[in-house]
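Spelled out from the first residue to the last, the chains are:
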Amino acid sequence: MSVTTVPLRPVSKGGLWLMWIGILALLGAGAAFAYQVTPRIGFQVVKEGTGASPTISDVVLVKYEGKLDDGTVFDANEQAPMQVAGVVPGFGEALTRMKKGGKYKISIPPQLGYGDRAVGPIPANSTLHFDVELIDFRTEAEVRAMQQMMQQQQQMMQGGAPGAPGAPPAPQGAPQP
């Protein structure tokens, strides 16, 4: 058995450059295609806010109005507290780009909204349009601490101090005021 050898001519330097240019062109075309087909939110700043932006673990207080493509309002609220992680992906992404006191117009494609499922007055595959104002935001730890303080104050108001009017009587042997 014999092996036939085929003489190959060396590739010229000009040919290598053409090959690399072709590879770069293919990579550029692939990146442009990926950029075009990736769903993105529409984000327009109406009034720039100040300071830092909330993170995915923060709780925000927002004023918003949500509309469908035909202008039908499906939800609105003057002061709605919500956890950034607990909303649809497109709304959460928009919240993390906002600043306190700012006003924004956002448009959320179906892939980043409710997708192919209908939710309440929102039909399946709907693009959602929002006018949003970020009133304030707090970290989850700050919100928990505020809730605990409010619960303690509520207990004090309901139970009061021993011996106070409407409070349970002081235990026997306790010092009297």
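See the structure printed just above.
Scope of this entry: the structure provided in the associated data block. (Residues numbered from 1 in each chain as written. Predicted model: local features only at pLDDT ≥ 70, side-chain atom pairs only at ≥ 80, totals over all residues. Heavy atoms only, no water.)

## Observations concerning the overall build of the chain
- Each helix and strand in the chain was counted, giving three helices and five strands.
- For the chain, the α and β elements follow one another from N to C terminus as α-β-β-β-α-β-β-α.
- Summarising the internal contacts of the chain: among those between residues at least 6 apart in sequence, 66% fall at separations of at least 24.
- Per element, the accessible surface of the chain, about 12700 Å² overall, is 60% carbon and sulfur. (Helix = DSSP H or I, 4+ residues; strand = E, 2+ residues; numbered from the N terminus. Contact = heavy atoms within 4.5 Å. Areas by Shrake-Rupley, 256 points an atom, 1.4 Å probe, with all protein chains shown as cover.)

## Things to note about the pattern of salt bridges
- By the definition in use, this model includes seven salt bridges.
- Taking the shortest distance from any N to any O, the salt bridge between lysine 105 and aspartate 131 comes out at 3.0 Å. With lysine 105 in strand S4 (residues 103-108) and aspartate 131 in strand S5 (residues 128-138), this pair connects stretches of sequence that are 26 residues apart.
- Judged by its relative accessible area of 39%, lysine 105 is partly exposed.
- A relative accessible area of 29% places aspartate 131 in the partly exposed class.
- Here the salt bridges share partners, and the residues they tie into one network are Lys100, Asp136 and Arg138. (Salt bridge = Lys/Arg side-chain N within 4 Å of Asp/Glu carboxyl O. Buried < 20%, exposed > 50% of the residue type's maximum accessible area, 1.4 Å probe, protein only.)

## Quick look at the nonpolar core
- Among the nonpolar cores identified, the biggest contains 24 residues, and Val62, Phe91 and Phe130 are the most heavily contacted of them.
- Looking at this core, the elements with two or more residues in it are strand S2 (59-67), strand S3 (73-83), helix H2 (89-95), S4 and S5.
- Per-element accounting of this core gives the leading share, five residues, to S5. (Core = buried A, V, L, I, M, F, W, Y, C linked by side-chain atoms within 4.5 Å.)

## Things to note about unusual backbone geometry
- One non-glycine residue, asparagine 125, lies in positive phi territory at about 55°.
- Topologically, asparagine 125 is positioned in the loop between S4 and S5.

## Description of a nonpolar patch on the surface
- A cluster of nonpolar side chains, namely Leu16, Met19, Trp20, Ile23, Leu24 and Leu27, defines an oily patch on the protein surface of about 600 Å² accessible area.
- Position of leucine 24 among the secondary structure elements: in helix H1 (residues 13-37). (Patch = residues over 30% accessible without salt bridge, like charges linked within 9 Å, V, L, I, M, F, W, Y side chains within 5 Å.)

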